[in-house]
Amino acid sequence: MVPLLKFWFHEDVRRAAVQTLPELVRALVLCVEKGSYGVDNSLVKQLLDYIWPAMMEALGKEPETDIQATSMDSISEIVELVEPSMLSQEQVSAAFQRFTRILKASEERRTERLKRQSTEDFDEEELEALEQENEAEEELFDQVGSAIGAFLKKFGDAVLPFVESLMVQMGPLLDKSRPAEDRRIAICVVDDLLEHSPAGRAKYFQQVLPVLMEATTDEHADLRQCAVYGLGILAAKAPEAFRPFVPEALQRILHVIGASNAKEEDNQLATDNALSALGKILEFHSDAIDSGAMTQAWLGGLPLLGDVVEAAVQHDLLARLLEARDARLLGTVSVRPAGAEAGRWVGRLAEWWEEGGQVGSRG
């Protein structure tokens, strides 16, 4: 597979080769986990030391943006599979150097496309080609963002300097003049930084909070989803810093939840993440809000059926509140109004579970 990473005669061969490498790593990691005779983490490390430089070299020379995106996906998979100690600082640095070059080249191509669009002889055929190029660039941006997120999840604060080295390229993506998809990808990276890097969360809290707040009202549903998810992270992981901003955040979250089209398929993930953010505010900031009313607003939106990850978090919170006979959920004087609602919800959940308990993917 390694020599085929640079098989310049056929792009499908290169694509297949780079897709195969994480599967080889996965197979070896599974052998270690199962205790296969003669297999241990030293062999995983040997495999990584063999394929990683070759992947970085091939990525630096790869001319096709779709194969660059596939390579990003393979890098993310490998990072998720292995222990942090198996990738050296030099290997991590090599990956981020490639990310920087890819983002710079992508921005240069974007500038060139804008120039082409402004020429007098620009026609519908060229517009169609340009739209296809834009889609390919968005996919590449998306995969770079996912790879950065994979490193943050695995290494936390240790990769913060590397992530900061990309801010020259990632920062402009947050500008309101950029397409919504560019802004979504950038906010996803921000979310990963806030969630997995305590040092980064403390350092950039004041800078990113206004960006998240503003994006909650964007017409682009995926952008709203990322924004309210980020607010939920800050509510849970930076409660003291977030507390002064709870009223504004709550107003924006309720706006997402209360929209007339909130439960439509295109908006389901944004709504689920807004409800999850509301649940985190209930859990960590109940003394700063009308917790009784907000509990009912939160309960009325359950169960979450679009986002499997946030569904697990919020349904667990509901179970803990019920087990604790929380007064916000069951009421203080009479359990009938709130308790009846809780009973109806539990009944709905039981019916859903009996039907197979299927939940949509995160997307």
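The structure under discussion appears in the preceding block.
As the structure is a computational prediction, the values presented were derived from the model and not from experiment.

Structural notes on empty space enclosed by the protein
Stage number 1. All chains considered together, the criterion is met by one cavity of 30 Å³ or more.
Stage number 2. The space that makes up the largest cavity amounts to roughly 50 Å³.
Stage number 3. If you go around the largest cavity, the residues you meet are Leu5, Arg14, Val18, Ala58, Leu59, Glu62, Ile67 and Ser71.
Stage number 4. Per-class residue counts for the lining of the largest cavity are five nonpolar, one polar and two charged.

Brief notes about the nonpolar core
Stage number 1. Of all hydrophobic cores here, the largest spans 96 residues; its most connected members are Ile75, Phe99, Ile148, Phe151 and Phe242.
Stage number 2. Excluding residues that lie within four positions of it along the chain, Ile75 makes contacts with Trp52, Met55, Met56, Leu59, Phe99 and Phe151.

Here we look at the state of the cysteines
Stage number 1. Using the criterion set out here, one finds zero disulfides in the structure.
Stage number 2. Between Cys226, a cysteine without a disulfide, and Cys188, which holds the nearest cysteine sulfur, the sulfur-to-sulfur distance is 3.1 Å.

Concerning the pattern of salt bridges
Stage number 1. Tallied over the full model, the rule gives 24 salt bridges.
Stage number 2. Notably, a salt bridge pairs Glu57 with Lys6, separated by 3.1 Å at the nearest N-O pair. With Glu57 in helix α2 (residues 41-61) and Lys6 in the segment before α1 (11-33), the pair connects residues that are 51 residues apart, well separated along the chain.
Stage number 3. For Lys6, a relative accessible area of 32% gives the class partly exposed.
Stage number 4. A salt bridge links Glu107 to Arg178; its shortest N-O distance comes to 3.2 Å. With a gap of 71 residues between them, Glu107 in helix α4 (residues 89-117) and Arg178 in the loop between α7 (167-170) and α8 (180-196) connect regions that are remote in the sequence.

So, how was this worked out
Residues numbered from 1 in each chain as written. Predicted model: local features only at pLDDT ≥ 70, side-chain atom pairs only at ≥ 80, totals over all residues. Heavy atoms only, no water. 1 Å grid on protein atoms, 1.4 Å probe; cavity = no way out; pocket = protein on both sides within 12 Å on 5 of 7 lines; lining within 4 Å. Points joined across faces, edges and corners; volume = space filled by probe spheres on them. Nonpolar A, V, L, I, M, F, W, Y, C, P; charged D, E, K, R; others polar. Core = buried A, V, L, I, M, F, W, Y, C linked by side-chain atoms within 4.5 Å. Buried < 20%, exposed > 50% of the residue type's maximum accessible area, 1.4 Å probe, protein only. Contact = heavy atoms within 4.5 Å. Disulfide = S-S within 2.5 Å. Salt bridge = Lys/Arg side-chain N within 4 Å of Asp/Glu carboxyl O. Helix = DSSP H or I, 4+ residues; strand = E, 2+ residues; numbered from the N terminus.

Function-wise, these values are silent; they only describe arrangement.
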